[in-house]
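What the coordinates show
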Amino acid sequence: METASPRRDGDQPHPEDQEASGASGTPIDTDERASSPDPVQPPEAAQDQPEDPIWGETEEGTATPVLSEDPTLGELLTATAHGDQASFAAFYEATADVVYGLALLMHEDPDGADASTVAVYHHLWDQADVRARDLRLQTAASEMLTDEHADAEASYRPSEYELVLEWLVPLAHRIMVERFRDGSAAPIGLTALPDGPGVAGLPEEVLGDFEVLSDSQSQALALSYLAGATHQQVAQTAGAAIPAVKSRLRDGMTRLHSQRVARDEEFDPILRAAVTRRDLERGTGVNRNFTREVSADLQKGLLVELAEVYALDALDDRERSLLDEFVLDADERTAQQWDTRVLAARRTLAEIFTAHPVVPPAHLLEEVLLDLGDQEVGMGMVEEFSSHTEEAPKREPIMKRWMVVTGFVVVLLLAIVLIWRFTGGQDIIAAADGAEDARELEGLELEEGGTARAVFSETEDVGYVDFEDVGALDGLTYQVWLLPSDERPPSSLGSFTAGELEDEVVTLRSISGYDQLLVTTEQVRGEERPTGEVIVEVPLRDRLTEGPQYGGGGSAPTEDDAEDEDVTEPED
């Protein structure tokens with residue numbers, strides 16, 4: 001994945017992160033290894049505010065996001081840890097196609113892939129502080145290991161986007177595997193062939209990558225990585241010995257490494273350090289004295305040989321924790337070999353299983369953001385940020401056969417989603433209209449032609465605005481905003497054509513933190529802040545409170561305008 005690397009968050013880990021490093025100074029992923037991401041218990045919050053260059057202070061001394069003009073994915077995740085939902089939405093937009101593409105490969109049906117994708121990003125939001133730290137640690141360790149093993153023949157350096165993927169893909173995979181194991185989702189239906197080693201039902205997207213594997217290796221890797229089986233479960237399904245399955249997983253990864261070396265233009269020094277000539281020549285008949293139990297393997301000094309089994313998530317929680325403990329107590333040389341082998345496996349798996357990104361359905365972002373709090377996050381902010389984080393061209397996706405066959409079902413699902421969204425909006429309209437304190441504003445005139453009618457309820461904390469006869473714009477677009485009552489930035493509710501604004505009733509939830517709805521005309525869809533001419537201002541309360549005012553070219557309301565304006569309710 002060759003791409004121009006954007007500015008990074010920094011090559012060195014933050015001081016408060018040093019204690020979480022492994023024996024070799026590389027990250028040990030203690031939070032990720034200790035438990036499954038879905039039921040993970042959040043660690044105690046850091047006592048001090050992280051010293052991060054993207055953060056400033058308000059006059060009250062509280063941290064506020066000060067993102068650079070071209071924020072990296074690491075900066076967006078760090079901002080997410082401080083509750084910045086717009087940055088979180090931008091991180092989602094920049095990475096969701098990879099996560100969703102992986103989910104489609106692993107799940108039995110699209111509904112399961114949808115739910116698991118939402119679960120991944122809910123986890124990232126809930127554990128953003130921990131995960132932002134993990135990303136910084138792994139990025140610094142990955143760059144350090146790559147530099148240590150590099151020489152004149154190995155010029156490859158991972159881009160910032162690749163560094164994020166080699167961290168995000170294992171995390172997303174782990175969450176999906178845990179969902180398979182606890183029954184929350186159904187994995188892809190793979191079947192071990194009855195007449196010999198092999199597997200039926202492999203997604204066609206990975207067939208080319210798996211051609212380099214033997215039938216037994218392909219079977220073991222598919223059942224473990226795609227279907228989420230432990231190595232013991234693979235052995236039971238395949239009718240093979242447990243030590244043989246461990247060998248197949250390790251040796252299969254070695255063959256995938258060799259294929260990557262032959263395919264990539266730049267040689268990754270991590271692969272050379274992780275895979276020796278003896279590894280390349282070794283066949284599946286040698287198991288390096290693996291035993292039935294991981295604990296016995298560790299006692300025999302086979303920690304490093306289990307790195308690929310670890311990276312494939314082919315262990316249960318107890319075995320994973322046991323390996324983590326051994327790595328903590330390992331000598332520096334062994335720990336570095338472990339880190340290198342795990343990193344090599346993660347890079348190879350990330351390259352293979354992120355080569356087929358699929359843009360998720362639009363409603364998934366709405367589901368992800370639904371429970372994050374009362375801050376409305378507009379797609380304008382998402383579009384603005386995501387344009388800065390389109391990092392790398394990816395291999396052309398291959399159309400799934402089942403996607404073509406089930407095209408009608410997809411259309412039907414989209415129709416159901418649209419009906420759900422419409423009825424959800426109707427619930428807000430009904431709640432606002434039926435509230436005892438419903439406040440109705442009629443005949444609100446738009447500068448470009450047309451009128452608006454608005455209804456708000458403070459007790460229900462909802463409202464809506466209905467537009468009629470909206471004037472068409474030449475080369476401009478309408479954008480709808482919510483202006484907060486505090487120092488937060490405005491929230492965009494989206495960009496609209498005149499027809500779209502007429503057809504759609506703008507429904508509002510959690511309006512208590514906002515003073516005003518604003519409609520502006522903008523030259524570019526998805527502006528981050530209002531800059532154009534104000535078309536209409538709709539107060540959300542009986543009286544406007546003091547707060548930040550926005551707009552460009554002198555068109556937006558000034559602080560004096562807000563103080564002097566007399567807002568009254570029209571008579572019924």
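Source: prediction; values computed, not measured.

**Considerations on the overall build of the protein chain**
Along the backbone of the protein chain there are 22 helices and 12 strands. Here the protein chain holds 572 residues, and the buried ones make up 53% of them. By element, 48% of the accessible surface of the protein chain is carried by carbon and sulfur atoms, the whole surface being about 25,500 Å².

**Considerations on the pattern of salt bridges**
Counted according to the given criterion, the structure contains 14 salt bridges. A salt bridge links Arg341 to Glu305; the shortest N-O distance between them is 3.5 Å. Of this pair, Arg341 sits in helix 16 (residues 332-353) while Glu305 sits in the loop between helix 13 (294-299) and helix 14 (307-311), and the two are 36 residues apart along the sequence. Here Glu305 falls in the buried class, since its relative accessible area comes to 10%. The shortest N-O distance in the salt bridge between Arg453 and Glu440 comes to 2.7 Å. Remark: Glu440 occurs in strand 5 (residues 439-445) and Arg453 occurs in strand 6 (residues 451-457); sequence separation between them is 13 residues. Look at the salt bridges and you will find they share partners, linking Arg250, Asp251, Glu305, Glu308 and Arg341 into a network.

**Brief notes about the confidence of the model for the protein chain**
Averaged over the protein chain, the pLDDT score is 74; the fraction of residues at 70 or greater is 68%. In the predicted structure, residues 280-287 sits below a pLDDT of 50 and forms 17 contacts with residues beyond four places in sequence or in another chain. Scored below 50 in pLDDT, residues 414-424 shows 2 contacts in the model against residues more than four places distant or in partner chains.

**Some points on a negative patch on the surface**
A surface patch of negative charge is lined by Glu468, Asp469, Glu500, Glu502, Asp503 and Glu504. Among the elements that take part in the negative patch, helix 21 (residues 498-503) stands out by supplying 3 residues, more than any other.

**Some details on the sheet that holds strand 12 (residues 533-539)**
Strand order across the open sheet formed by 4 strands is 9-8-11-12, with antiparallel pairing between neighbours. Edge strands, defined here as strands with exactly one partner in the open sheet, are strand 9 (491-496) and strand 12. Across this sheet, the average inter-strand angle for adjacent strands is 20°, counted without regard to direction. The sheet contact formed by strand 11 (residues 514-522) and strand 12 spans 6 bridges and is antiparallel. Note that in strand 12 the partner of Leu518 across the bridge is Glu537.

**Concerning the nonpolar core**
Grouped together as the largest cluster of nonpolar side chains are 93 residues, with contacts concentrated most on Phe91, Tyr121, Leu124, Leu226, Leu323 and Phe353. Dropping the residues within four chain positions of it, Phe91 is found in contact with Leu73, Leu76, Leu77, Tyr121, Leu124, Val164 and Trp167. Residues Val480, Phe496, Ala498 and Val536 belong to the second largest nonpolar core, which totals 25 residues.

**Focus: the packing of helix 3 (residues 85-106) against helix 17 (residues 362-370)**
Remark: helix 3 packs on helix 17, axes separated minimally by 11 Å, with the N-to-C direction vectors making an angle of 130°. Taken as axis vectors, helix 3 and helix 17 run oblique relative to one another. In this structure, helix 3 meets helix 17 at a crossing whose hand is right-handed. Residues Phe88, Ala89, Tyr92, Glu93 and Tyr100 of helix 3 touch helix 17, and the partners they reach there are Leu364, Leu365, Val368 and Leu369.

**Quick look at the sheet that holds strand 7 (residues 462-468)**
With antiparallel pairing, 4 strands are arranged side by side in an open sheet as 5-6-7-10. Edge positions in the sheet fall to strand 5 and strand 10 (506-509), since each of these pairs with one other strand and no more. The mean angle between the axes of side-by-side strands here comes to 15°, regardless of whether they run parallel or antiparallel. Pairing of strand 5 with strand 6 involves 5 bridges; the strand directions are antiparallel. Pairing of Leu441 across the sheet is with Ala454, part of strand 6.

The rules behind the values
Residues numbered from 1 in each chain as written. Predicted model: local features only at pLDDT ≥ 70, side-chain atom pairs only at ≥ 80, totals over all residues. Heavy atoms only, no water. Helix = DSSP H or I, 4+ residues; strand = E, 2+ residues; numbered from the N terminus. Buried < 20%, exposed > 50% of the residue type's maximum accessible area, 1.4 Å probe, protein only. Areas by Shrake-Rupley, 256 points an atom, 1.4 Å probe, with all protein chains shown as cover. Salt bridge = Lys/Arg side-chain N within 4 Å of Asp/Glu carboxyl O. pLDDT = per-residue confidence, 0-100. Contact = heavy atoms within 4.5 Å. Patch = residues over 30% accessible without salt bridge, like charges linked within 9 Å, V, L, I, M, F, W, Y side chains within 5 Å. Lys, Arg positive; Asp, Glu negative; His and termini not counted. Charge placed at Lys NZ, Arg CZ, Asp CG, Glu CD. Pairing = 2+ DSSP bridges. Axes fitted to C-alpha atoms, helices over the stretch in contact; angles between N-to-C directions. Core = buried A, V, L, I, M, F, W, Y, C linked by side-chain atoms within 4.5 Å. Parallel < 35°, antiparallel > 145°, perpendicular 65-115°, else oblique. Left-handed = near helix turned anticlockwise from the far one by under 90°.

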